[in-house]
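# Observations on chain architecture
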2 protein chains.
Amino acid sequence: MFESAELGHSISKRTYSREVPKLREALLDSQYDLFQDGRFPVMVLIAGVDGAGKGETVNLLNEWMDPRHIRVAAFGEPSDEERERPPMWRYWRELPPKGKIGILFGHWYTDPILDRVYRKSKQPQLILSIEEIVRFEKMLTDEGALLLKFWLHLSKEKQKKRLKALEKDPKTRWRVTETDRRHFKLYDRFRKVSELALRQTSSASAPWIVVEGEDARYRNLTVGRALLAAMRERLDQKPAKPAADRIPPIPRPIDNRHVLGALDLTLKLDRKKYTELFALYQGRLNLLSRNPGFRRRSAILVFEGNDAAGKGGAIRRIAAALDARHYRIIPVAAPTEEERAQPYLWRFWRHVPQLGRFALFDRSWYGRVLVERVEGLASEFDWARAYPEINDFEQQLADNGAIVMKFWLAISKDEQYRRFKERQQTAFKRFKITPEDWRNRKKWEAYEQAVCDMVDRTSTAVAPWTLVEANDQLYARIKVLKTICERLESSLKR
Amino acid sequence: MFESAELGHSISKRTYSREVPKLREALLDSQYDLFQDGRFPVMVLIAGVDGAGKGETVNLLNEWMDPRHIRVAAFGEPSDEERERPPMWRYWRELPPKGKIGILFGHWYTDPILDRVYRKSKQPQLILSIEEIVRFEKMLTDEGALLLKFWLHLSKEKQKKRLKALEKDPKTRWRVTETDRRHFKLYDRFRKVSELALRQTSSASAPWIVVEGEDARYRNLTVGRALLAAMRERLDQKPAKPAADRIPPIPRPIDNRHVLGALDLTLKLDRKKYTELFALYQGRLNLLSRNPGFRRRSAILVFEGNDAAGKGGAIRRIAAALDARHYRIIPVAAPTEEERAQPYLWRFWRHVPQLGRFALFDRSWYGRVLVERVEGLASEFDWARAYPEINDFEQQLADNGAIVMKFWLAISKDEQYRRFKERQQTAFKRFKITPEDWRNRKKWEAYEQAVCDMVDRTSTAVAPWTLVEANDQLYARIKVLKTICERLESSLKR
């Protein structure tokens, strides 16, 4: 894969001086078009061999283009905050929004490759990391990102020469670090591991572009022109029709029995029993949240349900049992402008709690396969791929220690009507009912179907759904509290 | 994921009798439309819990439809032939062609799941197998296959009941095997491992459909209707436009230097030296082919090159050093009708040699990214995804012990002209030159570019390309022979 980047490519000074001004102008134009167009983000990943000019290339791109619309993200050692989240969290934070260019320097390839080179990890771990990258990049490109991955390469001989030259010159000696020298000794291993990583992650939509790094003029012009060509091609295309056609339809249960219909919505609890159980479970929950084992775990609770099913009430009852410093309620409404400029999971990654904390999501990432699906806000291509993407997201949370619990609060259509009417008639509850609620109600069956598909496809061992019979609020709240206590107990025991 | 399939679904005898005739008629209609249409194959994978009716479902589908257009593949223990090839080989053999339905019973999920349940494999191995499946299924659906994966499920309680019922009745007792009883003891493990496999392999284009297996009428009707709906939807769609738009352009070297241009085509060998070296390497190669270590390896040699570059001559020289029982030359021309009805790699999987053998491919799977790309026979979507698919294919070959070597025989444009003319003038060589050769020649630059991209993207540590300066045939033949000997030597040493 490196053959073409060991040919001794070079560009004369004269050609370079002639070409650069034209290139810069075209790049700036494209950058503004990208910003105006606002349809997709551009992600430029700069990776490769030490001494092949990675840092210089990043600086150069910044210099050539308008830095206001470029965001350079350099990743070194993870911060405390980052260490408490899944490994991909730090990259999600730095994704450029639509209309902008993000330059990623030190990125999701660095650790998997170096860990393997230094034998901190074994081959299967490397391959698992690579597969995680493949899924992540597929999500990015499915979301529309233009992802360009440059690998700056030097042959072993050239790297040696380059390090020597830098060391000899007092002005550049500081740039050769101990790490560079150590890496050079491992050149062959590094090459082997990188080659595997490049090979396994070169997809049609996000291929690697290997560039010989020795001659700075050649390198700069190559990277700049490749970036320009890719941006230009995409900008000049008409918006792509989503490839929805190869998604087989989801079958409906032919006997009309489904998980929601199977719920016994007459279940109820009398006030006395409720008060007793409520005190019991709140106490248990509070103790559990202060369990020393919980310091290396976190709890991510997702609340979804029919309108007026009592999500807010249930959430408040849980919060009441917790120390205010240890939880956060995240109400999820329509995405903000900033959030719309990112992959749909981005706004939830933002709120991934650190270890030792509770995050209570009042609605969640499931909006993609519920309201967005039913209302036609997401295409079939987009919502159908959300199931595996969400499972992947929750798996990452769980791998990092999160205990993920998801609740669907179900009420009957009649009970919803009763509550809507009551809300309209009670002054202090009136704000809770909107014309949209009445509109959603008309699509009751479509929502029911979406909920069943969601449960079928995302209720997993790592992040199970609990369906809660919520016609009786007291019953529902106790079932939620009890489920949380039991899951925390069994998770902390292990 | 199994919640919906534990609700006790059932269908009354009356409804069933009423619905089945309609369903059968519609299935038969679709089957003929599929055959007429001939655009895609349908693959129905039947998996799940023992006793949930997998075998019955397969039989039923065969009974309901026209068996001439259905192909049932049941996979038990691999045969000797299969054991000598990569694990996926047996599945490739049994893929249904376009226009037909293939029912896969005992399939690529069976071994990874059971190996893990029986603790013959560890978790990382399971996940790696799953990732291999994900790639394989993605290739199938990218190639246009309609892939339906049914998981027939029984809750633990129901499975117990069902096994008991079968055992009690003397007529059905034989159907409960020792394996079934052993599996039941491992129900919880089996459920956990399956859940992971299902979760990780449910993609938008190939999702799992989980069906409760207890009530035969419900199960049959559900599978039949889901199959019908998916076939109908696809048949009624207009041919899909490929989603080529998200593929970034491949940059060209800005200094016009490339791997082909870097070859020194003046390299030559005099006849005397050639004769001497030829005898030397042929002897070495013969010895290597009889090396005891080679019995657990195989050699897969790929020859590509410009028209008239001398592929055939080089191949014959290698063959001459080998025992006729130990090699096969596979000349690759335009695909046959049977081959066109399959994914493009299918016709090469057919020829994967058993261990201890040589396969010499005179042209190969690289046609996809060479002639098919240049002549516009494959869309960008198709040829761009071929690079990772080919790398994956060659990785599977290598994992199975194959030593994969690829040769590009390069001649200059002038030399090609000279040889074309010579062929036209020599009676016994005239069959070797066709109008197509002259047409290809006009696209010299486009081919050159395709070759460079191919080398950049598929020359890997497991399957490297060797570029051979072939203006002098003697030099070329020796370089090929020498490369083969050296690679075999270093591979057999390890």
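Nothing here was measured: the structure is a model prediction, and the numbers come from that model.

### Let's talk about the overall build of chain A
Each helix and strand counted, chain A has 20 helices and ten strands in total. Counting only C-alpha atoms, chain A reaches 85 × 50 × 45 Å along its principal axes. Every one of the 494 residues in chain A was classed for burial, and the buried ones make up 56%. The contacts of chain A with a sequence gap of at least 6 include a subset with a gap of at least 24, amounting to 83%. Approximately 22,100 Å² of chain A is accessible, and the part contributed by carbon and sulfur atoms is 51%.

### Focus on the sheet that holds strand 6 (residues 298–305) of chain B
Pairing between the strands of a sheet comes from backbone hydrogen bonds, and it takes one of two forms, parallel or antiparallel. Residues and elements named next belong to chain B. As summarised here, the arrangement of the five strands in space is 7-8-6-9-10, forming an open sheet in which the pairing is parallel. Both outer strands of the open sheet, strand 7 (327–331) and strand 10 (465–469), are each paired with one neighbouring strand and no more. Averaged over all pairs of adjacent strands, the angle between their axes in this sheet comes to 20 degrees, without regard to strand direction. Bridging between strand 6 and strand 9 (residues 402–410) involves eight bridges; their strand directions are parallel. Paired with L301 across the strands is M405, a residue of strand 9. Where helix 16 (residues 380–399) meets the sheet, it contacts strand 6 and strand 9, and its direction lies at approximately 135 degrees from that of strand 9.

### A word on the relation of the copies chain A and chain B
Each copy of the sequence occupies a distinct position, and chain A is placed on chain B by a rotation of 180 degrees and an axial shift of 0.0 Å, giving an RMSD of 0.0 Å. The superposition operator between the copies reduces to a two-fold rotation axis. By residue overlap, the copies meet face to face through one surface: 99% of the interface positions of chain A are interface positions in chain B.

### Things to note about the pairing of strand 9 (residues 402–410) of chain A
All names here are of chain A. Summarising burial for strand 9: nine of the nine residues are buried, a large majority. Every second residue of strand 9 is oriented toward a common face, with A402, V404, K406, W408 and A410 on one face and I403, M405, F407 and L409 on the other, all of them buried. Where strand 9 lies against strand 10 (residues 465–469), five bridges are found, and the strand directions are parallel. Each bridged residue has a counterpart across the sheet, and for A410 the counterpart in strand 10 is E469.

### Describing the environment of A309 of chain A
All names here are of chain A. Considering the arrangement of structural elements, one finds A309 in the loop between strand 6 (298–305) and helix 12 (311–319). In this structure A309 comes out as buried when scored by relative accessible area, which is 3%. The spatial distance from the C-alpha of A309 to the C-alpha of A476 is 9.4 Å, given a sequence separation of 167 residues.

### Brief notes about helix 16 of chain B
Residue pairs three or four apart in sequence face the same way in an α-helix, which turns once every 3.6 residues. Residues and elements named next belong to chain B. An ideal rise of 1.5 Å per residue puts 28 Å on 20 residues; helix 16 measures up with 29 Å between its terminal C-alpha atoms. Judged by how many residues are buried, helix 16 sits mostly within the fold: 17 of 20 residues are covered. Count one or two residues on from helix 16 and you reach G401, which has phi positive near 110 degrees.

### Observations regarding the confidence of the model for chain A
When pLDDT is averaged along chain A, the result is 91, and 98% of the positions lie at 70 or above. Under the prediction, the complex receives an ipTM of 0.83, its pTM being 0.87.

### Considering the packing of helix 6 (residues 123–142) of chain A against helix 16 (residues 380–399) of chain A
Residue and element names in this part refer to chain A. The N-to-C vectors of helix 6 and helix 16 enclose an angle of 145 degrees; their axes lie 11 Å apart at closest approach. For the pair helix 6 and helix 16, the crossing hand works out as left-handed. Here E132, R135, M139 and D142 of helix 6 lie close against helix 16, whose contacting residues are F381, R385, E389, D392 and Q396. When grouped by side-chain class, the residues that make up the contact of helix 6 with helix 16 number two nonpolar, one polar and six charged.

### Some details on the sheet that holds strand 3 (residues 101–105) of chain A
All names here are of chain A. Read from one edge of the open sheet, five strands run 2-3-1-4-5, paired in parallel fashion. Here the strands that pair on one side only, and so sit at the sheet edges, are strand 2 (70–74) and strand 5 (208–212). Strand-to-strand twist across the sheet, computed as the mean angle between neighbouring axes with direction ignored, equals 20 degrees. Of the strand pairs in this sheet, strand 4 (residues 146–153) and strand 5 are connected by five bridges, and their pairing is parallel. Across the sheet, residue H153 finds its bridge partner in strand 5, namely E212.

### Here's the deal with the side chain of R373 of chain A
All names here are of chain A. Its location among the elements puts R373 in helix 15 (residues 371–374). Of the residues examined, R373 reaches a relative accessible area of 14% and is grouped as buried. There is a polar contact of 3.3 Å between the side chain of R373 and the side chain of Y387. Residue contacts for R373: discarding those within four places in its chain leaves I250, G367, R368, W383, Y387, Q449, A450 and D453.

### A word on the interface of chain A and chain B
By a widely used convention, the size of an interface equals the accessible area lost when the partners come together. Opposite the 68 residues of chain A that make contact, chain B presents 67 residues. Of the roughly 5,800 Å² buried where chain A meets chain B, counting both sides, 56% is carbon and sulfur surface. Together, R199, R246 and I254 of chain A form the three largest contributors to the area buried by chain A at its contact with chain B, with a combined 13%. On inspection of chain A and its partner chain B, the count reaches two salt bridges. Where chain A meets chain B, there are 22 residue pairs in polar contact (both at pLDDT 80 or more). Where the side of chain A that touches chain B is concerned, the elements lending two or more residues are helix 6, strand 4, helix 9 (187–201), strand 5, helix 10 (216–236), helix 16 and helix 19 (444–458) of chain A. A class-by-class count of the residues in the side of chain A that touches chain B yields 33 nonpolar, 17 polar and 18 charged.

### Describing the environment of R232 of chain A
Along the chain, the position of R232 of chain A falls in helix 10. It is 9.1 Å that separates the C-alpha atoms of R232 of chain A and D33 of chain A, two residues lying 199 residues apart in sequence.

### Concerning the packing of aromatic side chains
Considering all chains together, one arrives at 40 aromatic pairs over all chains under this definition. With 5.0 Å between their ring centres and 80 degrees between their planes, W365 of chain A and F393 of chain A make a pair best called edge-to-face. With a gap of 28 residues between them, W365 of chain A in the loop between strand 8 (358–362) and helix 15 and F393 of chain A in helix 16 connect regions that are remote in the sequence. Between Y109 of chain B and W208 of chain B, the ring centres sit 4.9 Å apart and the planes meet at 75 degrees, which makes this aromatic pair edge-to-face. Of this pair, Y109 of chain B sits in the loop between strand 3 (101–105) and helix 5 (110–117) while W208 of chain B sits in strand 5 (residues 208–212), and the two are 99 residues apart along the sequence.

### Comments concerning the packing of helix 5 (residues 110–117) of chain A against helix 9 of chain A
Residue and element names in this part refer to chain A. It is at 9 Å that the axes of helix 5 and helix 9 come closest, and there the two elements cross at 140 degrees. The angle between helix 5 and helix 9 places the two elements in the oblique class. For the crossing formed where helix 5 meets helix 9, the hand is right-handed. Touching I113, L114, R116 and V117 of helix 5 are R189, F190, V193, S194 and A197, all from helix 9. Its residues assigned to classes, the contact of helix 5 with helix 9 comprises six nonpolar, one polar and two charged.

### What about the pattern of salt bridges?
Summed over the entire model, instances satisfying the criterion amount to 90 salt bridges over all chains. One salt bridge in this structure joins R135 of chain B and E131 of chain A, with 3.0 Å as the shortest N-O distance. One end of the pair, R135 of chain B, is in helix 6 (residues 123–142); the other, E131 of chain A, is in helix 6, on a second chain. Relative accessible area serves as the criterion here: at 6%, E131 of chain A is assigned to the buried category. Of the charged contacts, one joins R363 of chain B and D307 of chain B as a salt bridge, the two residues approaching to 2.8 Å between their closest N and O atoms. Note that R363 of chain B is positioned in the loop between strand 8 (358–362) and helix 15 (371–374) and D307 of chain B in the loop between strand 6 and helix 12 (311–319), a separation of 56 residues in sequence. Taken together, the shared-partner salt bridges connect E143, R368, E372, D382, R385 and E389 of chain A into one network.

### Comments concerning unusual backbone geometry
For A308 of chain A, which is not glycine, the phi dihedral falls at a positive 70 degrees. Topologically, A308 of chain A is positioned in the loop between strand 6 and helix 12. By relative accessible area, A308 of chain A is classed as buried at 8%. The backbone of N256 of chain B shows a phi angle near 60 degrees, a positive value even though the residue is not glycine.

### Quick word on the environment of F190 of chain B
Relative to the assigned elements, F190 of chain B resides in helix 9 (residues 187–201). Not counting the four nearest positions on each side in its chain, F190 of chain B is found in contact with G48, V49, I113, L114, V117 and W151 of chain B.

### Observations regarding the pairing of strand 8 of chain A
All names here are of chain A. In terms of residue burial, strand 8 counts as a mostly covered element, since four of its five residues are buried. One ladder, built from five bridges, connects strand 6 with strand 8; its direction is parallel. Bridged to F303 within strand 8 is D362. When strand 7 (residues 327–331) meets strand 8, the two strands line up parallel, connected through five bridges. Bridge pairing links I330 to F361 in strand 8.

Reading the values: the criteria
Residues numbered from 1 in each chain as written. Chains lettered and ligands numbered in written order. Predicted model: local features only at pLDDT ≥ 70, side-chain atom pairs only at ≥ 80, totals over all residues. Heavy atoms only, no water. Helix = DSSP H or I, 4+ residues; strand = E, 2+ residues; numbered from the N terminus. Buried < 20%, exposed > 50% of the residue type's maximum accessible area, 1.4 Å probe, protein only. Contact = heavy atoms within 4.5 Å. Areas by Shrake-Rupley, 256 points an atom, 1.4 Å probe, with all protein chains shown as cover. Pairing = 2+ DSSP bridges. Axes fitted to C-alpha atoms, helices over the stretch in contact; angles between N-to-C directions. Least-squares fit on C-alpha atoms with pLDDT ≥ 70 in both. Expected span 1.5 Å × (residues − 1). pLDDT = per-residue confidence, 0-100. Left-handed = near helix turned anticlockwise from the far one by under 90°. Nonpolar A, V, L, I, M, F, W, Y, C, P; charged D, E, K, R; others polar. Polar contact = N/O pair within 3.5 Å; in protein donor to acceptor, adjacent residues only side chain to side chain. Buried area = accessible area lost by both parts, 1.4 Å probe. Salt bridge = Lys/Arg side-chain N within 4 Å of Asp/Glu carboxyl O. Phe/Tyr/Trp six-rings, centres within 6.5 Å; stacked < 30°, edge-to-face > 60°. Parallel < 35°, antiparallel > 145°, perpendicular 65-115°, else oblique.

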